[in-house]
Amino acid sequence: MYICLIELLNNINDMKIRKGKKDDLPVILELIKELADYENALDEVKVTLEQLEDDGFGRHPYYWFLVVEDNNNIIGMSFYYIRYSTWKGKFLHLEDFVVSKKHRRKGIGGALFEATIKIAFEEKLNGMTWQVLDWNTPAINFYKKYKANISSAWLNGKLTKNQLKDLSLKIN
């Protein structure tokens, strides 16, 4: 059985994991950008603070997140939502998972990942999904420590907002 890293983390200095709140969003946006920069895709981040506020804290939340704090400073986050599989039912989808560069390799990512696993279990979900870039060996190795299945069989499909607009106009 795994050591409960969450308990371990909460005993290290003033670090703690907690549910995210609206006031955290400016730092969350910075972590999103930090991750995008690491993935060589910073120019692809189009989401705004206002969108994050509306989408996460409006009438119908589309996502939730956990944060890791060190001395009341956010140093990591787990950003997730619930997706539905027509074959298996409800899953937690981990959209973004990042610990600030200077705080990596201290067990913080493991504690945050385990806290996310715990949410999926407590919500009685049928599993947890995420994507990882095929070149991101450190992340792949991290997930394999949890005996995660990393598939190379599925390819991702996507239509952008502009494509949706163009196609919609052609359909009408």
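See the structure above.
Predicted, not measured: the structure shown is a model, and the values here were computed from it.

Enquirer: Report on the overall build of the chain, specifying residues and quantitative values.
Expert: Per the secondary structure count, the chain includes six helices and five strands. Listing each helix as α and each strand as β along the chain from the N terminus yields α-β-α-α-β-β-β-α-β-α-α. Relative to a compact globule of 172 residues, whose C-alpha radius of gyration would be 16 Å, the chain shows 17 Å and is just as compact. For the chain, contacts bridging at least 24 residues in sequence account for 57% of all contacts bridging at least 6. With the model as given, the accessible surface of the chain reaches about 12300 Å², and the carbon-plus-sulfur share is 52%. If you average the places of the 25 positive and of the 23 negative side-chain charges in the chain, the two averages end up 5 Å apart.

Enquirer: Please give an account of the packing of helix α2 (residues 25–38) against helix α3 (residues 49–57) that cites residues and values.
Expert: In helix packing, the relevant descriptors are the interaxial angle and the interaxial distance, both defined with respect to the helix axes. Look at α2 against α3: their axes get within 10 Å of each other, and the N-to-C directions meet at 115°. Taken together, the axes of α2 and α3 are roughly perpendicular relative to one another. Helix-helix and strand crossings are classified by hand; for α2 and α3 the assignment is right-handed. Along the contact surface, α2 presents Leu25, Pro26, Leu29 and Ile32, while α3 presents Leu49, Leu52, Glu53 and Phe57. Of the residues in the contact of α2 with α3, the class split is seven nonpolar, no polar and one charged.

Enquirer: Outline the pattern of salt bridges, listing residues and values.
Expert: Applying the stated criterion across every chain yields a total of four salt bridges. With a closest N to O distance of 3.8 Å, Glu69 and Lys16 form a salt bridge. On the criterion of sequence distance, the pair formed by Glu69 in strand β2 (residues 64–70) and Lys16 in strand β1 (residues 15–19) is long-range, its members being 53 residues apart. Note that Arg18 is salt-bridged to Asp24, the shortest N-O span being 2.8 Å. In terms of burial, Arg18 and Asp24 fall into one category: buried. One connected set of salt bridges, linked through shared partners, spans Lys16, Arg18, Asp24 and Glu69.

Enquirer: Now, about the sheet that holds strand β3 (residues 73–85): what can you tell me, with residues and values included?
Expert: Taken together, five strands build an open sheet; the order of strands is β1-β2-β3-β4-β5 and the sheet is mixed. At either margin of the open sheet sits one strand with a lone partner, and together these are β1 and β5 (128–130). Averaged over neighbouring strand pairs, the angle between their axes works out to 25° when direction is ignored. Docked against the sheet, α2 engages β2, β3 and β4 (89–99), running at close to 80° with respect to β3.

Enquirer: Could you give me a rundown of the packing of aromatic side chains, with the residues and numbers involved?
Expert: Tallied over the full model, the rule gives 15 aromatic pairs. Taking 5.4 Å as the distance between ring centres and 50° as the angle between the ring planes, the aromatic pair formed by Phe113 and Tyr143 counts as tilted. With Phe113 in helix α4 (residues 108–122) and Tyr143 in helix α5 (residues 137–144), this pair connects stretches of sequence that are 30 residues apart. Take Tyr143: its relative accessible area is 6%, and that puts it in the buried class. Among the aromatic residues, ring-to-ring pairing joins Phe97, Phe113, Trp130, Phe142, Tyr143 and Tyr146 into one connected group. In this structure, Arg83 packs its charged tip against the face of Phe91, placed 5.5 Å from the ring centre.

Enquirer: Lay out the nonpolar core with the relevant residues and their values.
Expert: Considering soluble globular proteins, one finds that nonpolar side chains tend to be buried as a cluster. Core analysis: the biggest nonpolar cluster contains 25 residues, and Leu92, Phe113 and Tyr143 have the highest contact counts within it. For this core, the secondary-structure elements that each account for two or more residues are β1, β2, β3, β4, α4, β5 and α5. Take this core: its biggest share by element is seven residues, from α4.

Enquirer: Hey, could you go over the environment of Arg59 for me, with residue numbers and the actual values?
Expert: Tracing the chain through its elements places Arg59 in the loop between α3 and β2. Its relative accessible area of 87% is what places Arg59 among the exposed residues.

Cut-offs used in this document
- Residues numbered from 1 in each chain as written.
- Predicted model: local features only at pLDDT ≥ 70, side-chain atom pairs only at ≥ 80, totals over all residues.
- Heavy atoms only, no water.
- Helix = DSSP H or I, 4+ residues; strand = E, 2+ residues; numbered from the N terminus.
- Rg over C-alpha atoms; globule rule 2.2 N^0.38 Å.
- Contact = heavy atoms within 4.5 Å.
- Areas by Shrake-Rupley, 256 points an atom, 1.4 Å probe, with all protein chains shown as cover.
- Lys, Arg positive; Asp, Glu negative; His and termini not counted.
- Charge placed at Lys NZ, Arg CZ, Asp CG, Glu CD.
- Axes fitted to C-alpha atoms, helices over the stretch in contact; angles between N-to-C directions.
- Parallel < 35°, antiparallel > 145°, perpendicular 65-115°, else oblique.
- Left-handed = near helix turned anticlockwise from the far one by under 90°.
- Nonpolar A, V, L, I, M, F, W, Y, C, P; charged D, E, K, R; others polar.
- Salt bridge = Lys/Arg side-chain N within 4 Å of Asp/Glu carboxyl O.
- Buried < 20%, exposed > 50% of the residue type's maximum accessible area, 1.4 Å probe, protein only.
- Pairing = 2+ DSSP bridges.
- Phe/Tyr/Trp six-rings, centres within 6.5 Å; stacked < 30°, edge-to-face > 60°.
- Lys NZ or Arg CZ within 6 Å of the ring centre and 35° of its normal.
- Core = buried A, V, L, I, M, F, W, Y, C linked by side-chain atoms within 4.5 Å.

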